[in-house]
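Overview (structure and organization)
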Amino acid sequence: MMEAVSRYPKKVMKRKYCAKCQKHNMMKEVKGHKNDCPFTSCPCEHCRKIEVKRYTSRMNVKKRRADSLQEELAARRAQVSLLRLTGRTPVSCVKNFNRPSTGKMASVLSPLTKISWI
């Protein structure tokens, strides 16, 4: 019997290299390299630019996640307000809506708990 031969070549995994090492003309793969990078505290201009880029990227992700969480919270508040107008109030939302924070995200996530109806 003949084996089916794919028309498409196998996907080749692209290797990721350390940006700081690349700027210093060294090709080191990122995997397992974090603690061994000789340029972690390098003061050169290239490494400083990489650090700035990483920092701005981290801050953008943080802001995007916070915005998403705020949208979710606003939608949940609107839903609870609508339910209160109709007379059906979820018990968990009423109990936990303004509960003091017990953790990093507890005050924001408390209204997102499972709904049980009165």
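Residues numbered from 1 in each chain as written. Predicted model: local features only at pLDDT ≥ 70, side-chain atom pairs only at ≥ 80, totals over all residues. Heavy atoms only, no water.

Interpretation of the predicted coordinates at a detailed level should be avoided for regions scoring low in pLDDT. Looking at the protein as a whole, the pLDDT averages 77, with 69% of positions reaching at least 70. Across the protein, element-level confidence peaks in helix H1 (residues 19-23) with a mean pLDDT of 93 and bottoms out in helix H4 (residues 106-109) with 47. In the model, residues 114-118 has pLDDT below 50 throughout and makes 17 contacts with residues more than four positions away in sequence or in other chains. (pLDDT = per-residue confidence, 0-100. Helix = DSSP H or I, 4+ residues; strand = E, 2+ residues; numbered from the N terminus. Contact = heavy atoms within 4.5 Å.)

What follows covers the pattern of salt bridges. Going through the model one piece at a time under the given rule, you end up with 5 salt bridges. The shortest N-O distance in the salt bridge between Arg15 and Glu29 comes to 3.7 Å. Separated by 14 residues along the polypeptide, Arg15 in the segment before H1 and Glu29 in the loop between H1 and helix H2 (45-86) bring together distant segments of the chain. The exposed category is assigned to Arg15, whose relative accessible area is 54%. Ionic pairing is found between Arg48 and Glu45, a salt bridge with its closest N-O pair at 2.8 Å. With Arg48 and Glu45 both in helix H2 and 3 residues apart, the pair spans about one turn of that helix. The class of Arg48 is partly exposed, set by a relative accessible area of 45%. (Salt bridge = Lys/Arg side-chain N within 4 Å of Asp/Glu carboxyl O. Buried < 20%, exposed > 50% of the residue type's maximum accessible area, 1.4 Å probe, protein only.)

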